[in-house]
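Notes for the structure review
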Amino acid sequence: MFHLASIKQNWKYLLLLFCTFLLAEIIINPLGNFPLNDDWVYAKATLLFHEKGIPDADCWGRASLLMHIIFGNFFTSLFGFSFTILRFSTLFLSFTGIAFAFLFLRSNFLNNSFHSFSVTLLFLFNPLYLNLSNSFMTDAPFISTLILALFFYY
């Protein structure tokens, strides 16, 4: 069960996870207004939704990505459209997934905070997760929302 006491007890580990994530992102340097991988398709769908206000289902996969497009539209409405802003939206959700993965492990499976922290670091530095957290691809946000759903369901 989710308790604020869990966050209060483990704030040092959450802060250390945040600093580690931030250091990794400083080394990676996610800045740049250009697409990475295939995220141009999702960015274009988000741009069309931002401009028209309705989802455009002309391209492959857009119908199944409605929440991803709405999430990206939230950030582009606040900060304007750019690939950098869309990457930062994914990074925000990726770190949220990391933090809740730690809390999920700590509260349900591992009684030791250090062991939960270690397993969460393995998850953070998973090449697939870390690589796709720095693009507007759907993989890292979907994994993060899955972690959130498991955390609140369990």
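No experiment lies behind these values; they were computed from the predicted model shown.

Observations concerning the nonpolar core
One finds Leu 14, Leu 17, Phe 95, Ile 98 and Phe 102 to be the most contacted residues of the largest nonpolar core, which totals 19 residues. At the level of elements, α2 (11–28), α5 (83–108), α6 (113–124) and α8 (139–153) are the ones that each hand at least two residues to this core. Sorting elements by how many residues they give to this core places α5 first, with nine residues. For Phe 95, the residues in contact, after removing those within four places along its chain, are Leu 14, Leu 17, Phe 18 and Phe 21. Core analysis: the next-biggest nonpolar cluster, separate from the first, contains 11 residues, Phe 49, Ile 69, Phe 83 and Leu 132 among them.

Some words on the packing of aromatic side chains
Under the counting rule described, the total for this entry stands at 16 aromatic pairs. Ring centres of Phe 21 and Phe 95 lie 5.5 Å apart, and the angle between their planes is 45°; on these two criteria the pair is classed as tilted. Residue Phe 21 is found in helix α2, and its partner Phe 95 is found in helix α5; the two are separated by 74 residues along the sequence. Seen in terms of ring centroids, Phe 104 and Tyr 154 are 5.6 Å apart; in terms of plane orientation they differ by 85°. Their pairing is edge-to-face.

Things to note about the environment of Ile 69
In this fold, Ile 69 is placed in helix α4 (residues 66–79). Classification of Ile 69 by relative accessible area gives buried; the value is 4%. Taking the C-alpha atoms as reference points, Ile 69 and Phe 136, 67 residues apart in sequence, are found 10.0 Å from one another.

Section: the environment of His 50
When you line up the elements, His 50 lands in helix α3 (residues 39–52). The spacing of His 50 and Asn 73 is 23 residues in sequence and 5.8 Å in space, taken between C-alpha atoms. Apart from residues no more than four positions distant in its own chain, His 50 is found in contact with Asn 73, Thr 76 and Ser 77. Here Asn 73 takes part through its side chain, which lies 3.0 Å from a polar atom of the side chain of His 50.

Looking at the confidence of the model for the protein chain
Model confidence for the protein chain is summarised by a mean pLDDT of 87, while 90% of its residues fall at 70 or above. The spread of mean pLDDT over the elements of the protein chain runs between helix α1 (residues 4–9), the lowest at 69, and α2, the highest at 94.

Examining a nonpolar patch on the surface
Taken together, the side chains of Trp 11, Leu 15, Phe 18, Leu 22 and Ile 26 make up a nonpolar region of the molecular surface, amounting to roughly 520 Å² of accessible area. Among the structural elements, Trp 11 can be located in helix α2.

Some remarks on the layout of surface pockets
The gaps left among the atoms become clear once a water-sized probe is rolled over them. What the largest pocket holds in volume is close to 180 Å³. Contributing to the lining of the largest pocket are Phe 18, Phe 21, Leu 22, Glu 25, Pro 30, Phe 88, Leu 91, Phe 92, Phe 95 and Thr 96. For the lining of the largest pocket, the secondary structure elements donating two or more residues are α2 and α5. With five residues, the single largest contributor to the lining of the largest pocket is α5.

Brief notes about α4
The terminal C-alpha atoms of α4 lie 20 Å apart, and with 14 residues this matches the ideal 20 Å at 1.5 Å per residue to within 8%. Residues of α4 that are buried sit in contact with α3, α5 and α8. The first or second residue beyond α4 is Gly 80, which carries a positive phi of 90°.

Re the side chain of Thr 120
Note that Thr 120 resides in helix α6. Ignoring anything within four residues of it in the chain, the contact list for Thr 120 reads Leu 17, Ile 98, Ala 101, Phe 102 and Leu 105.

The rules behind the values
- Residues numbered from 1 in each chain as written.
- Predicted model: local features only at pLDDT ≥ 70, side-chain atom pairs only at ≥ 80, totals over all residues.
- Heavy atoms only, no water.
- Core = buried A, V, L, I, M, F, W, Y, C linked by side-chain atoms within 4.5 Å.
- Buried < 20%, exposed > 50% of the residue type's maximum accessible area, 1.4 Å probe, protein only.
- Helix = DSSP H or I, 4+ residues; strand = E, 2+ residues; numbered from the N terminus.
- Contact = heavy atoms within 4.5 Å.
- Phe/Tyr/Trp six-rings, centres within 6.5 Å; stacked < 30°, edge-to-face > 60°.
- Polar contact = N/O pair within 3.5 Å; in protein donor to acceptor, adjacent residues only side chain to side chain.
- pLDDT = per-residue confidence, 0-100.
- Patch = residues over 30% accessible without salt bridge, like charges linked within 9 Å, V, L, I, M, F, W, Y side chains within 5 Å.
- Areas by Shrake-Rupley, 256 points an atom, 1.4 Å probe, with all protein chains shown as cover.
- Salt bridge = Lys/Arg side-chain N within 4 Å of Asp/Glu carboxyl O.
- 1 Å grid on protein atoms, 1.4 Å probe; cavity = no way out; pocket = protein on both sides within 12 Å on 5 of 7 lines; lining within 4 Å.
- Points joined across faces, edges and corners; volume = space filled by probe spheres on them.
- Expected span 1.5 Å × (residues − 1).

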